[in-house]
Structure formats: C-alpha cells, structure tokens
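A structural walkthrough
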Amino acid sequence: MTDSQHKVLILYTGGTIGMKDSGEGFVPMDNFGDFFKRKIDESDRLSIPSFEFKSLDSLIDSANLVPMNWTFIGQRLLKLWDDYDGFVVLHGTDTMAYTASALSFMFQGLNKPVVLTGSQIPLCKNESDALDNVVHALQVVAEQKINEVSICFDGKVLRGNRSTKVKSAALDAFNSPNLPWLNAKDIDTETADIFLLPNVTRQFLVPEFDCNAVLVLQIYPGISAQAFEGIFSSNSFKAIIIQTYGMGNTPNIDSSLLRILKRAAEAGIIVVNITQCMVGGVNQSTYSTGSHMQDLGVVSGGDMTLEAAFAKLHYLIACQYTSSQVKQKMLTAFAGEISP
Ligand code: ASP
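The notes below deal with the structure included here. Just so you know, these numbers come straight off a predicted model, no measurement behind them. (Residues numbered from 1 in each chain as written. Predicted model: local features only at pLDDT ≥ 70, side-chain atom pairs only at ≥ 80, totals over all residues. Heavy atoms only, no water.)

With respect to the helices, strands and loops of the structure, Trp 81 is situated in the loop between α2 (67–80) and β5 (86–90). For Trp 81, a relative accessible area of 2% translates into the label buried. Those residues in contact with Trp 81 that sit more than four places away from it in its chain are Phe 87, Phe 107, Leu 110, Asn 111, Lys 112, Val 114, Arg 202 and Phe 204. (Helix = DSSP H or I, 4+ residues; strand = E, 2+ residues; numbered from the N terminus. Buried < 20%, exposed > 50% of the residue type's maximum accessible area, 1.4 Å probe, protein only. Contact = heavy atoms within 4.5 Å.)

Here is the structure:
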C-alpha cells in the first residue's frame, strides 16, 4: 500500500545497497532503479509514500568520495527542492556521515526531511538490510517531523552531523555518541521532539569544494616534530584538524611540535582540535598539555565528530570566509553539530 499524500525523491548516489557480486568483490549493478522499484513493490510494506527515483550521473563506492561529490549531490537537491516534500539519499556507508554533515551545512534552516540511508548488505541479497532501511527512511520523510538532515539506519534516526559509522560489518552500523537518537522505530516521537533543531534562517548555499583544503592529523605516542614540519611546509591546505588525546591534549615535552603549530597559526592556517575519544569533547583549559593549544590560537572543536568538523571547515573555506571568520564560526552551531 502506498501513501500518495507525500511526494518523495529518492536520490541514488552509489554504495553497497545497489551493488552485486562480481566474483572480484561488489560492483554497482546495472539498472538498479528498476530492480529497486520491483523490490519495493514486491515487499508488501504498509504506508510507503509514493516516490520518484533518480540516480547521480556517476555512481560511486563512497570510499572514493571527494568533497566535490557534495557539490553534485547538493546541486541536485537544490534544483529539485520545491518539487518534493522530502528526500531520501541512498549513499555508501563508509562516508555517509561526512556527506550528511556537509548537507546539513549547505542546507541550513531547511524545512523538509533529507534522510540518508544505505545498507551493509546489497539489496539483491536475501539477508539484506536495505529494504528495512529504505522503508523506514521513506516513512520518516512522510511523517514530516524530523525536518533536518538525518541518517536512518537499522531502525534509528540520527542527526546527520552527529553521526559516525561505528561498526564495519554489523547492521547497526551508525550511532551518534554525543547526541541521543532523534527517533527510533520503538520510541515515542513526542519524547524525541526536544532534540529538534531550533528555527534558523534559511540559508541554502552549495559551494564548489577544494579537495585539498583540509588536512587531518592524528596524534600518537612518539609523534615526531619532523613529521609536522614536512606537512606545514606544504601550502596547499588551509586548515588542519588535529585529533588529540582525551580532552584535547598533545605532548608538550617536545616544544618543537608547539612551535610548528604556532607557525601554522601565524601563517593563517586554521588549526582545530578534535578528540580521538568517541564520547565527550575537547576542553583545552583542563590540562597544561591542552592549555598551550588555546594559547596558540588552536580552535576547540568541542564535541563535534571528526566528520562534522571536517565538512564544516570545508564548507566555510569554500564559502570564502576569512580565517578569523572561520575560527569564530567553528565555535557556533549552524545545524546542531556542536553542544553549547
Ligand atoms: N564501500 C561501500 C560504500 O561506502 C560500503 C557501503 O556502502 O556500505 O560505498
């Protein structure tokens, strides 16, 4: 049975959901749109909104995603925005949280659901999780309650820019460790309403992204200053995310690392501090191994996920804000991505 009250667009970008066995690993299957519609028709699920199915011109395994793919997805949604009540974006799981974050910044103040989903097992396999995920995503759009960019997976609805892929093979692949689920198949929607985004002025902007703008560097025991030296002498990037320990700590016995960070800050390279911990965030004033970061002008990423911080930096740089504007905006929530 379909609900024809709502008009939904399913935009297929690639990923496991539409793949088949090739003998040498999964590859995208031909005519996935037809196969998909047949599967939905056969599934006999209740109350599925009517939908149209469109594919991006080039389908990717999302492990191959580059920031410019966000522009292609964003442009497509922007062009079709007024024609539909909401959107389901079928996407590979590997970088789904990055794309969800990027879309949340490009579509600030949106008034319709944009739900990303995919599957761990291709739709063509009997044991696939694809149908459950897609049907749930379509229902989330039809309900018209979660008017933001979300990820719908294994029965949960998560804020897109708070999500991260936490399991490589299990069906409950996603979670949002620093924010309760927006909804789940078994919980009362009224309870979840408290997590809805505050009203913000609509600002839809789909910029062209520079793949080289943001660098990510993880701190590890014994990291050498020379490693940093080489990186900072290249001028192709404008921002760096340092994934630090705990509350935002880096080794401070070797002061050359700190000098290099200082040089980066002086050169106008934005440095953002994100914790390696799954839960909680950065507070640079807790330990002396963190407070020097503050003194060097390193911006605290608070409790943002790596994916959200990465996409937000890309977005702000692509929008051509100055580095002091980027630093200030990194601390402000645009789409519920960071706790106050
Ligand atoms: N490598 C695949 C992708 O991200 C994995 C998946 O879709 O689950 O496109």
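On to the site of the ligand, then. The environment of the ligand is made up of Gly 15, Thr 16, Asp 61, Ser 62, Gly 92, Thr 93, Asp 94, Ser 119 and Gln 120. Between Asp 61 and the ligand, the recorded distance is 2.7 Å, taken from a side-chain N or O atom to a nitrogen atom. Compared with its free state, where it exposes 270 Å², the ligand has 90% of that area covered by protein. (Near = heavy atom within 4 Å. Polar contact = N/O pair within 3.5 Å; in protein donor to acceptor, adjacent residues only side chain to side chain. Areas by Shrake-Rupley, 256 points an atom, 1.4 Å probe, with all protein chains shown as cover.)

Glancing now at the pairing of strand β9 (residues 156–159). Going residue by residue along β9, you find Lys 156 and Leu 158 tucked away on one face and Val 157 and Arg 159 tucked away on the opposite face as well. Where strand β8 (residues 149–153) meets β9, four bridges bridge the pair, whose relative direction is antiparallel. Within the sheet, the bridge partner assigned to Phe 153 lies in β9 and is Lys 156. Connecting β8 to the next strand, β9, in antiparallel fashion are two residues, including Asp 154 with a positive phi near 50°. Note: β9 against strand β12 (residues 183–184), two bridges, orientation antiparallel. Across the sheet, Val 157 pairs through a bridge with Asn 183, a residue of β12. (Pairing = 2+ DSSP bridges.)

Before going further, it helps to examine the packing of helix α1 (residues 32–43) against helix α4 (residues 130–143). Here α1 crosses α4 at 85°, and the two axes come no closer than 11 Å. Considering their axes alone, α1 and α4 lie roughly perpendicular with respect to each other. Two secondary-structure elements touch here, α1 through Phe 36, Lys 39, Ile 40 and Ser 43 and α4 through Leu 131, Val 134 and Val 135. Its residues assigned to classes, the contact of α1 with α4 comprises five nonpolar, one polar and one charged. (Axes fitted to C-alpha atoms, helices over the stretch in contact; angles between N-to-C directions. Parallel < 35°, antiparallel > 145°, perpendicular 65-115°, else oblique. Nonpolar A, V, L, I, M, F, W, Y, C, P; charged D, E, K, R; others polar.)

Relative orientation of the contacting elements helix α3 (residues 96–106) and helix α9 (residues 306–318) amounts to 45°, with a least axis distance of 8 Å. With respect to each other, α3 and α9 are oriented oblique. Read as a crossing pair, α3 and α9 show a hand that is right-handed. Counting all contacts with α3, which are made through Ala 97, Tyr 98, Ser 101, Ala 102, Phe 105 and Met 106, the residues of α9 involved are Leu 306, Glu 307, Ala 308, Phe 310, Ala 311, Lys 312 and Tyr 315. (Left-handed = near helix turned anticlockwise from the far one by under 90°.)

Here the focus is the sheet that holds strand β15 (residues 239–244). Spatial ordering of the open sheet is given by β14-β15-β16-β17, a layout of four strands whose pairing is parallel. Each having just a single partner strand, β14 (214–218) and β17 (299–300) make up the two edges of the open sheet. Here β14 pairs with β15 via five bridges, running parallel. Considered in β15, the bridge of Gln 218 is made with Gln 243.

With 12 residues, helix α7 (residues 255–266) should reach 16 Å at 1.5 Å per residue; the first-to-last C-alpha distance of 17 Å fits that figure. Taken as a whole, α7 has its buried residues at Ser 256, Leu 257, Leu 258, Ile 260, Leu 261 and Ala 264. Where α7 terminates, the next one or two residues include Gly 268, which has phi positive at roughly 85°. (Expected span 1.5 Å × (residues − 1).)

These figures capture arrangement, not role.
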